[in-house]
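Report on the structure
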There are 2 protein chains.
Amino acid sequence: MEHSIRKKVLRKITYGVYILAVKLDDKYSAATITWVSQASFEPPLLMIGLKKLSNSYKFVIDSKKFSINILNDSQKNMAASFFKNTKYEKGELNGYEIKEGKTGVPVFIEVNSFLECELVKVIEGGDHDIIVAEIKNFENLTGQEVLNLRSTGWNYGG
Amino acid sequence: MEHSIRKKVLRKITYGVYILAVKLDDKYSAATITWVSQASFEPPLLMIGLKKLSNSYKFVIDSKKFSINILNDSQKNMAASFFKNTKYEKGELNGYEIKEGKTGVPVFIEVNSFLECELVKVIEGGDHDIIVAEIKNFENLTGQEVLNLRSTGWNYGG
């Protein structure tokens, strides 16, 4: 009962929906995540809660750079496809075209916008660690509304 | 130009609107904040980007506990009132009634819900630090929709 109320309250925190993408040597990993916030204006930092020992977590720790792709509100299906394992084929991850960003990280071509990030530090948390990263490049691709977690009917919190 | 695009992209991150409230000895501080996310399920942790050397920041560091009050979508005026300095008078902060939560932190009576938090660590960031805190108590007060930053027309990011 206690725990179900805690879950209810924690799910009232407001989140977006993002795809983190990372390349290590010739392998890719991409994952849909929600625990993302800016953490400083100068330098421009993000803080990200990332599941410990997930594939993307391991790739981020080793490659030290990654992208955060911000989705349009029409891209719920794209978000869902990155709940699954990442498959690279012919310039696409799980069927979605990528390119190499300025800093060398994989970024998606058909998203709202993206941020290219460089790992600053990893803070030990609980079942997720806190990734602190500096924004090194960015592109604003569309003026569409962004996807927010509440509108998807999904939850990640509690 | 570069900076204005960076601002545009960073403002596409999705946030809620919260009032952080803290008591130190017999003094109170409360501030409207947006950079809040869960950071772990077990233990239940939050990560918060808090402006360095703001009054609330100093109170949190010293008192080591605080509340995060989640607002209803009708409470934009309440959020705006905590852009200003905090005044305590007759059991109210800036005109909004508080009570003492189970863990001794001030919490608002007429909000959507609240989380009582205990400071775990402070991570040095840039112009804001990252406050990592464990959730020690919580109350779910209403089933109303919560206030999100985008709907207010305000921005905090860039």
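Source: prediction; values computed, not measured.

1. Side note on the overall build of chain A
Across its full length, chain A holds 4 helices and 11 strands. Relative to the 2.2 N^0.38 estimate, which gives 15 Å for 158 residues, the radius of gyration of chain A is 15 Å and therefore close to what a compact globule would have. Taken along its principal axes, the extent of the C-alpha atoms in chain A is 50 × 35 × 30 Å. For chain A, the residues scored as buried account for 48% of the 158 residues in total. Across chain A, the fraction of contacts at a sequence separation of at least 24, relative to all contacts at a separation of at least 6, is 65%.

2. A word on the interface of chain B and chain A
As a measure of interface size, the accessible area lost when the parts come together is often cited. Between chain B and chain A, the contact holds 41 residues from the first and 41 residues from the second. Secondary-structure elements contributing two or more residues to the side of chain B that touches chain A are α1 (2-10), β3 (36-40), β4 (45-51), β10 (113-123) and β11 (128-140) of chain B. The element contributing the most residues to the side of chain B that touches chain A is β11 of chain B, with 6 residues. For the side of chain B that touches chain A, the residue count by class is 21 nonpolar, 15 polar and 5 charged.

3. Brief notes about the relation of the copies chain B and chain A
Its rotation angle being 180°, the transformation that places chain B on chain A also includes 0.0 Å of axial translation and leaves an RMSD of 0.0 Å. What the superposition gives is, in effect, a two-fold axis relating one chain to the other. When each C-alpha of chain B is compared by its distance to the rotation axis, Y15 of chain B comes out closest, at 3.0 Å. When the interface residues of chain B are mapped onto chain A, 100% of them are again interface residues, pointing to one common binding face.

4. Side note on the nonpolar core
Most often, soluble globular proteins have nonpolar side chains that are buried together. A21 of chain A together with A21 of chain B are the most contacted members of the largest nonpolar core, which totals 101 residues. Sequence-distant contacts of A21 of chain B, defined by excluding residues within four places in its chain, comprise A30, F66, S67, N69, L93, I98, V105, P106, V107 and F108 of chain B.

5. A short note on the pairing of strand β2 (residues 27-33) of chain B
Residue and element names in this part refer to chain B. Most of β2 is tucked away, with 6 of its 7 residues classed as buried. As judged from the 7 bridges shared by strand β1 (residues 18-24) and β2, these two strands associate in the antiparallel manner. Its bridge partner being in β2, Y18 is matched across the sheet by I33. Following β1, the chain reverses through 2 residues before pairing antiparallel with β2; D25 in that reversal takes a positive phi of roughly 55°.

6. A look at the pairing of strand β8 (residues 96-100) of chain A
Each regular strand shows side chains that alternate between the opposite faces of the sheet. Residue and element names in this part refer to chain A. By the bridge criterion, 2 bridges tie strand β7 (residues 92-93) to β8 in an arrangement that is antiparallel. What sits directly across from L93, in β8, is Y96. Counted between consecutive antiparallel strands, the loop separating β7 from β8 contains 2 residues, among which N94 sits at a positive phi close to 50°. When β8 meets strand β9 (residues 106-108), the two strands line up antiparallel, connected through 3 bridges. Residue pairing across strands places I98 opposite F108, the latter belonging to β9. Hairpin remark: β8 followed by β9, antiparallel, with 5 residues in the connecting loop; positive phi at G104, about 95°.

7. A short note on the confidence of the model for chain A
Mean pLDDT over chain A stands at 97; residues scoring 70 or higher make up 99%. For this predicted complex, the interface confidence score (ipTM) comes to 0.97, while the overall pTM stands at 0.97.

8. Quick notes on the sheet that holds β2 of chain B
Pairing is antiparallel across the open sheet formed by 7 strands, whose spatial order is β2-β1-β5-β10-β11-β4-β3 (chain B). At either end of the open sheet lies a strand with only one pairing partner, and these are β2 and β3 of chain B. This sheet shows a mean twist of 35° between the axes of neighbouring strands, independent of strand direction. The pairing of β3 of chain B with β4 of chain B spans 4 bridges and is classified as antiparallel. When the bridges of β4 of chain B are listed, Q38 of chain B appears paired with L46 of chain B. Strand contacts of helix α1 (residues 2-10) of chain A: β3, β10 and β11 of chain B, with the helix running at about 135° to β11 of chain B, the strand carrying the most contacts. Helix α2 (residues 55-63) of chain B rests against β1, β2, β4, β5 (65-70), β10 and β11 of chain B of the sheet, and its axis sits at about 55° to β1 of chain B.

9. A look at the sheet that holds β8 of chain A
Residue and element names in this part refer to chain A. Strand order in the open sheet formed by 4 strands is β6-β7-β8-β9, with antiparallel pairing between adjacent strands. Strand pairing shows two members of the sheet lacking a second neighbour, β6 (88-89) and β9, which therefore form its edges. Of the pairings in the sheet, the one linking β6 to β7 comprises 2 bridges and is antiparallel in character. Looking at β7, one finds that Y88 is bridged to L93.

10. Remarks on the environment of P106 of chain A
All names here are of chain A. Locating P106 in the fold gives a position in strand β9. For P106 and D62, which are 44 residues apart along the polypeptide, the C-alpha to C-alpha distance reads 15 Å. Those residues within four positions of P106 in sequence are excluded, and the remaining contacts are A21, K23, Y28, S67, I98 and E100.

Conventions and cut-offs
Residues numbered from 1 in each chain as written. Chains lettered and ligands numbered in written order. Predicted model: local features only at pLDDT ≥ 70, side-chain atom pairs only at ≥ 80, totals over all residues. Helix = DSSP H or I, 4+ residues; strand = E, 2+ residues; numbered from the N terminus. Rg over C-alpha atoms; globule rule 2.2 N^0.38 Å. Buried ≥ 20, exposed ≤ 12 C-beta atoms within 10 Å, placed from the backbone. Contact = placed C-beta atoms within 7 Å. Nonpolar A, V, L, I, M, F, W, Y, C, P; charged D, E, K, R; others polar. Least-squares fit on C-alpha atoms with pLDDT ≥ 70 in both. Core = buried A, V, L, I, M, F, W, Y, C linked by C-beta atoms within 7 Å. Pairing = 2+ DSSP bridges. pLDDT = per-residue confidence, 0-100. Axes fitted to C-alpha atoms, helices over the stretch in contact; angles between N-to-C directions.

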